[in-house]
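Overview (structure and organization)
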Amino acid sequence: MNHEILTAITEKIRSYDSIMIFRHIRMDGDCVGASKGLREILSLTYPEKTVRIVDAQKSEYLGFLPADEAEAADEDYRKALAIVVDTADRDRISNQKYALCREVIKIDHHIPVDAYGVLNWVDEDCPSACEMIAALYDYNRIEWKISPLAATYIYMGMVTDTGRFRFGGINGRTMRLAGMLLDQGIDTETLYAQLYLKDYESLKFRAYVYEHMERTPGGAAYIYVDRKMQEDFGLSFEAACNVISYLEGIRDCLCWLAFIEGEHPEDGTRVRLRSRFMTINHLAERHHGGGHACASGATVYSREEAEQLVREADEAVRKYKEENTGWM
Ligand code: AMP
């Protein structure tokens, strides 16, 4: 743990009356948990400061969480310190008005793309941005305050970004920080119910996916979810994107991909890529994307490009299997 950067971030926070917290587009549990958890901690610790999250984007999946703040005026941004969590590059920050802020701090666990902050705390080995927020709180625990709600936000992000503490990268510190959060009084039964409950219709879609998914001879599983499928099953785009999780855990399929057509064909088709053991971010980088070693995103602009990406995934899995043992 680099204490210098933690001290520098803490001092910067102390020196501002107004703090605005930002996250990435297509929000997920980690960026929402990190932003809301940090907001809560700072509001409790510094009641005299204004701490805000202004983000027009919404998530159905995380709709059970309290809403963010409403709009802010440009002059509010100009006097604020921006803290951007869980976002590797500035283009993916969901509220681009962050750039109006007086200074920017970046807190992220992705492979670094832009060092867009005056302070950049990037820990690629950390399995979630929420764990970084938990560590920042823990570093300041004598001065900073926390509540069950703040702990719940941060714990929720740790849980969702680590596949419920299953993915590589989690270690003793992850569990110690999670334990520290649990000690604040998290209602885990309600939290897990909110994370796991499914609509009846979405299970029909899942059944359809299992009927129609495909796999390459090398061991890449994939599904293409076109607009018609989304309309037939009454799915929002966000719900359709969850399809990636259905393909997880197929024996011998070390890589899995979901192609989800958006409303505007000219914006391309979203691709979500996941893998076990092998690294796949290089595949995403060839198709307008990037991400983590085993979880990446990309965009393809035609059915042919989608097929090409599947071939590349097939080749990467074959190569991995040839060169490694112990995979399943
Ligand atoms: P997703 O499947 O969209 O949840 O993406 C998985 C991971 O890849 C996330 O950590 C994203 O931040 C990252 N990612 C997704 N799309 C892109 C992109 N176009 N460029 C860089 N990173 C991405």
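This is a predicted model, so every value here is computed, not measured. (Residues numbered from 1 in each chain as written. Predicted model: local features only at pLDDT ≥ 70, side-chain atom pairs only at ≥ 80, totals over all residues. Heavy atoms only, no water.)

Below, the discussion takes up the overall build of the protein chain. Counting its secondary structure elements, the protein chain contains 13 helices and 11 strands. Taken over C-alpha atoms, the radius of gyration comes to 20 Å for the protein chain, in line with the 20 Å a tight globule of 328 residues would show. Considering only C-alpha atoms, the protein chain reaches an extent of 60 × 40 × 40 Å along its principal axes. When each of the 328 residues of the protein chain is scored for burial, the buried share is 51%. (Helix = DSSP H or I, 4+ residues; strand = E, 2+ residues; numbered from the N terminus. Rg over C-alpha atoms; globule rule 2.2 N^0.38 Å. Buried < 20%, exposed > 50% of the residue type's maximum accessible area, 1.4 Å probe, protein only.)

The next thing to look at is the site of the ligand. Lining the immediate surroundings of the ligand are 13 residues, of which His110, Arg270, Arg272, Arg274 and Gly290 lie closest. Taking Gly290, its main chain carries an N or O atom lying 3.3 Å from a nitrogen atom of the ligand. Interatomic distance of 3.4 Å between a backbone N/O atom of Gly297 and an oxygen atom of the ligand. Mapped by element, the contributors of at least two residues to the shell around the ligand are β9 (269–275), β10 (290–291) and β11 (295–300). Among the residues forming the shell around the ligand, the class breakdown is one nonpolar, eight polar and four charged. (Near = heavy atom within 4 Å. Polar contact = N/O pair within 3.5 Å; in protein donor to acceptor, adjacent residues only side chain to side chain. Nonpolar A, V, L, I, M, F, W, Y, C, P; charged D, E, K, R; others polar.)

It is at 12 Å that the axes of helix α5 (residues 148–161) and helix α7 (residues 188–196) come closest, and there the two elements cross at 50°. Regarding the angle of α5 to α7, the classification is oblique. Helix-helix and strand crossings are classified by hand; for α5 and α7 the assignment is right-handed. Taken together, the residues of α7 that come into contact with α5 (itself represented by Thr152, Tyr155, Met156, Val159 and Thr160) are Thr188, Leu191, Tyr192 and Leu195. Its residues assigned to classes, the contact of α5 with α7 comprises six nonpolar, three polar and no charged. (Axes fitted to C-alpha atoms, helices over the stretch in contact; angles between N-to-C directions. Parallel < 35°, antiparallel > 145°, perpendicular 65-115°, else oblique. Left-handed = near helix turned anticlockwise from the far one by under 90°. Contact = heavy atoms within 4.5 Å.)

These figures capture arrangement, not role.
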